[in-house]
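Structural description and commentary
Listed below are the residues making up each chain.
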Amino acid sequence: MRVLAFTGGCFLLLVLQSALGILFPVTGWSPNLLLPLAIYLGVIPSVSLVRGALLAFAAGYLLDLFSGNGFGLMTLILLASFLISRVSGLNLFMRGPLFQVGLTFVFATLAGGAALSLQAIFGGAQLAFGWDGDAWLTARTVSAGAALTAVFSPFLYGGARRMDFALQPRRTGGGAAL
């Protein structure tokens, strides 16, 4: 049930992201609304490594389908983000929104740079970030997308936490046995 709810939530976030992209067409300044969810899966202890990897893979696959990028680009990036957040043991992650925003900005900047690098290596001249040889334009574009992702991240973490809490199995029991 939790897997279906998470996948459905990812789908709804992608529909929202696509709708906002049409309403506010700003090329390259799009937030990655699924990246904070991949990071969240990596830091909560209730998600096993296998389940989290499968969910990050599914979220990345959905993002690839929605974005029209080469197959596997965002799948690889979201899966790597999940694994890095899991391996690094970010126990301080839930300390507050400011830390969450900063950490998400760092992850989103690295993910944007990785996506741009992989597109440059494997995609030829077809780059989604608007690369035209100007390094400053590219840095601003990647930073702007990372900043938008970081701004939305506390809301996404809060929603994921509420959904995870609501879908946890409840223990029902009577009084203490003697």
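For clarity, every value in this text was computed on a predicted model and none was experimentally measured.

**Looking at the overall build of the protein**
Looking only at helices and strands, one finds 6 helices and 0 strands in the protein. Shown N-terminal to C-terminal, the secondary structure of the protein runs as helices and strands in the order α-α-α-α-α-α. Here the protein holds 178 residues, and 37% of them are scored as buried. Of the roughly 10,400 Å² of accessible surface on the protein, 72% is carried by carbon and sulfur atoms.

**Concerning helix α1 (residues 2–23)**
With 22 residues, α1 should cover 32 Å at 1.5 Å per step; its first-to-last C-alpha distance of 31 Å lies within 8% of that length. All of the buried residues along α1 are Arg-2, Phe-6, Cys-10, Leu-13, Leu-14 and Gln-17. Take α1 and look down its axis: the buried residues cluster within an arc of 120°, on one side only. In this structure, α1 carries Leu-4, Leu-12, Ile-22 and Leu-23 as exposed residues pointing more than 90 degrees from its buried face. Contacts made by the buried residues of α1 are with α2 (35–43), α3 (49–67) and α6 (135–166).

**What about empty space enclosed by the protein?**
Going through the model one piece at a time under the given rule, you end up with 1 cavity of 30 Å³ or more. Considered as a void within the structure, the largest cavity measures approximately 130 Å³ in volume. Arg-2, Phe-6, Leu-41, Met-163 and Asp-164 are the residues nearest the centre of the largest cavity, which is lined by 13 residues in total. Put simply, the parts of the chain that give the lining of the largest cavity at least two residues each are α1, α2, α3 and α6. The residue makeup of the lining of the largest cavity, split by class, is 10 nonpolar, no polar and 3 charged.

**Regarding the packing of aromatic side chains**
Tallied over the full model, the rule gives 2 aromatic pairs. Where Phe-11 meets Phe-66, the ring centres are 5.5 Å apart and the plane angle is 75°; that geometry is what we call edge-to-face. Residue Phe-11 is located in helix α1, and its partner Phe-66 is located in helix α3; the two are separated by 55 residues in the primary sequence. On the accessibility criterion, Phe-66 (33% relative accessible area) is partly exposed. Between Tyr-40 and Tyr-157 the ring centres are 6.5 Å apart and the planes differ by 35°, which places this aromatic pair in the tilted class. With a gap of 117 residues between them, Tyr-40 in helix α2 and Tyr-157 in helix α6 connect regions that are remote in the sequence. Across the pair, exposure class does not vary: Tyr-40 and Tyr-157 are buried alike.

**Topic: α6**
Between its first and last C-alpha atoms α6 spans 45 Å; for 32 residues at 1.5 Å apiece the expected length is 46 Å, and the two agree. The largest bend in α6 is about 45°, located at Ser-153, with the proline Pro-154 one to four residues further on.

**Some remarks on the packing of α2 against α6**
In the contact formed by α2 and α6, the axes pass within 9 Å of each other and the chain directions differ by 50°. When the interaxial angle is binned, α2 and α6 end up oblique. Considering only the axes of α2 and α6, their crossing is right-handed. Touching Pro-36, Leu-37, Ile-39 and Tyr-40 of α2 are Thr-149, Ser-153, Leu-156, Tyr-157, Ala-160, Arg-161 and Asp-164, all from α6. Residues of the contact of α2 with α6, tallied by class, amount to 7 nonpolar, 2 polar and 2 charged.

**Quick word on the side chain of Thr-75**
In this structure, Thr-75 sits in helix α4 (residues 73–88). Among the polar contacts made by the side chain of Thr-75, one reaches the main-chain carbonyl oxygen of Gly-60 at a distance of 3.3 Å. There is a polar contact of 3.2 Å between the side chain of Thr-75 and the backbone nitrogen of Tyr-61. Those residues within four positions of Thr-75 in sequence are excluded, and the remaining contacts are Phe-57, Gly-60, Tyr-61 and Asp-64.

About the criteria used
- Residues numbered from 1 in each chain as written.
- Predicted model: local features only at pLDDT ≥ 70, side-chain atom pairs only at ≥ 80, totals over all residues.
- Heavy atoms only, no water.
- Helix = DSSP H or I, 4+ residues; strand = E, 2+ residues; numbered from the N terminus.
- Buried < 20%, exposed > 50% of the residue type's maximum accessible area, 1.4 Å probe, protein only.
- Areas by Shrake-Rupley, 256 points an atom, 1.4 Å probe, with all protein chains shown as cover.
- Expected span 1.5 Å × (residues − 1).
- Arc of directions from axis to C-beta.
- Contact = heavy atoms within 4.5 Å.
- 1 Å grid on protein atoms, 1.4 Å probe; cavity = no way out; pocket = protein on both sides within 12 Å on 5 of 7 lines; lining within 4 Å.
- Points joined across faces, edges and corners; volume = space filled by probe spheres on them.
- Nonpolar A, V, L, I, M, F, W, Y, C, P; charged D, E, K, R; others polar.
- Phe/Tyr/Trp six-rings, centres within 6.5 Å; stacked < 30°, edge-to-face > 60°.
- Bend = angle between axes of the 7 residues up to and from the residue.
- Axes fitted to C-alpha atoms, helices over the stretch in contact; angles between N-to-C directions.
- Parallel < 35°, antiparallel > 145°, perpendicular 65-115°, else oblique.
- Left-handed = near helix turned anticlockwise from the far one by under 90°.
- Polar contact = N/O pair within 3.5 Å; in protein donor to acceptor, adjacent residues only side chain to side chain.

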